[in-house]
Every structure is written in structure tokens, then in C-alpha cells.
Amino acid sequence: RLSPHKLRCAVDYIEENLGNPLTLAAIACAVALSHGHFAHAFREATGVTPHRYVVERRVERAKNLLRQSALPITEIADQVGCPSNSHFSVLFHRVTGVTPRQFRALDSASASL
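In this report, the structure presented in the accompanying data block is examined. (Residues numbered from 1 in each chain as written. Predicted model: local features only at pLDDT ≥ 70, side-chain atom pairs only at ≥ 80, totals over all residues. Heavy atoms only, no water.)

1. Observations concerning the overall build of the protein
No. 1: Looking only at helices and strands, the protein has seven helices and zero strands in total.
No. 2: Order of helices (α) and strands (β) in the protein, N terminus to C terminus: α-α-α-α-α-α-α.
No. 3: Within the protein, the proportion of its 113 residues that are buried is 31%.
No. 4: If you sum the accessible surface of the protein, you get close to 6,700 Å²; carbon and sulfur atoms cover 55% of it.
No. 5: Of the charged side chains in the protein, 13 are positive and 9 negative; the average position of the first set lies 5 Å away from that of the second. (Helix = DSSP H or I, 4+ residues; strand = E, 2+ residues; numbered from the N terminus. Buried < 20%, exposed > 50% of the residue type's maximum accessible area, 1.4 Å probe, protein only. Areas by Shrake-Rupley, 256 points an atom, 1.4 Å probe, with all protein chains shown as cover. Lys, Arg positive; Asp, Glu negative; His and termini not counted. Charge placed at Lys NZ, Arg CZ, Asp CG, Glu CD.)

2. Observations concerning unusual backbone geometry
No. 1: Of note in the backbone geometry, A32 takes a positive phi value of approximately 60° without being a glycine.
No. 2: Residue position: A32 is located in the loop between α2 (24–30) and α3 (35–46).
No. 3: Residue A32 is classed as exposed on the basis of its relative accessible area, which comes to 61%.

3. Concerning the pattern of salt bridges
When charged atoms on two side chains of opposite charge get close, those side chains can pair.
No. 1: All told, the structure shown has seven salt bridges when counted by the stated rule.
No. 2: For R57, the salt bridge identified is with E15, shortest N-O distance 2.5 Å. Pair noted here: R57 is in helix α4 (residues 50–68) and E15 is in helix α1 (residues 4–16), with a separation of 42 residues, a long-range link.
No. 3: Judged by relative accessible area, R57 falls into the partly exposed class, the value being 23%. (Salt bridge = Lys/Arg side-chain N within 4 Å of Asp/Glu carboxyl O.)

4. With respect to the side chain of R58
No. 1: With respect to the helices, strands and loops of the structure, R58 is situated in helix α4.
No. 2: It turns out R58 is buried and unbridged, and the closest side chain with the opposite charge, E15, is 9.8 Å from it.

5. Digging into the packing of aromatic side chains
No. 1: Taken as a whole and judged by the stated rule, the model has four aromatic pairs.
No. 2: Ring centres 5.5 Å apart and planes at 75° place the aromatic pair F42 and Y53 in the edge-to-face group. In this pair, F42 sits in helix α3 while Y53 sits in helix α4, placing the two residues 11 residues apart along the sequence. Neither F42 nor Y53 differs from the other in exposure class; each is buried.
No. 3: Aromatic pair F88 and F92: ring centres 5.7 Å apart, planes at 55°, arrangement tilted. Separated by four residues within a single helix, F88 and F92 lie in helix α6 (residues 85–96), roughly one turn from each other.
No. 4: For F92, a relative accessible area of 0% corresponds to the buried category.
No. 5: Ring-pair connections join several aromatic residues into one group, and the members of that group are F38, F42 and Y53. (Phe/Tyr/Trp six-rings, centres within 6.5 Å; stacked < 30°, edge-to-face > 60°.)

In C-alpha cells, the structure reads:
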């Protein structure tokens with residue numbers, strides 16, 4: 001099991017490092033667990049794998065940046081830790097069903113109604 005304290009530490013570490021490459025080993029090290037034990041305990045505690053959690057948090061942060069800023073999509077990709085704009089677009093589309101550009105356009109259109 002993952003204690004509530006270790007889960008909070010892991011989540012905080014992920015949030016603080018979303019703009020950087022995040023590995024399972026690095027997150028596990030931040031909470032002083034082996035990566036195998038951490039991955040199993042994290043999934044048991046949250047219902048998703050650490051990788052899936054990181055992807056979802058990156059997309060949520062990107063959605064907020066797309067809504068609240070005029071930053072170029074390439075800059076947003078960099079800020080959420082994606083190595084390239086194309087990787088970011090594929091990841092974003094896989095999670096949301098739309099590209100970042102489409103998301104920004106749809107969000108702008110709905111805000112003006």
C-alpha cells in the first residue's frame with residue numbers, strides 16, 4: 001500500500017516537475033520506494049498507472065494554458081514536458097479527441113457565446 005503521505009509526496013513531485021522529463025524511477029526515488037513497488041502501490045491507490053497519471057496531468061495543465069494564455073502551442077508543449085510539438089499534439093488528441101489548436105478554437109468560440 002501507498003501511505004497517504006507518500007501519495008501526496010508523489011503527486012506533489014509530479015506537479016512540480018511536469019515540465020521536465022519524468023520517469024517512474026525518479027518519482028519512486030522521490031518517495032523512497034522501488035519503482036516496481038511504487039508503480040503497483042500508486043495504481044492501487046489511484047486507479048491509474050503513474051504514466052497515465054502524468055499524461056493526464058500534462059494534458060490538464062496544457063488545457064489551462066490554452067484557455068488562459070496566448071502562448072504558442074510549441075511553448076505550451078515545452079512547458080508541459082513534451083519533447084516536440086508533434087508528440088504533444090498526438091498526446092493531447094489521444095486524451096481529448098481534438099488537437100490543441102482545435103481545443104483553443106473551440107474554447108474561444110464557447111467563451112464568446
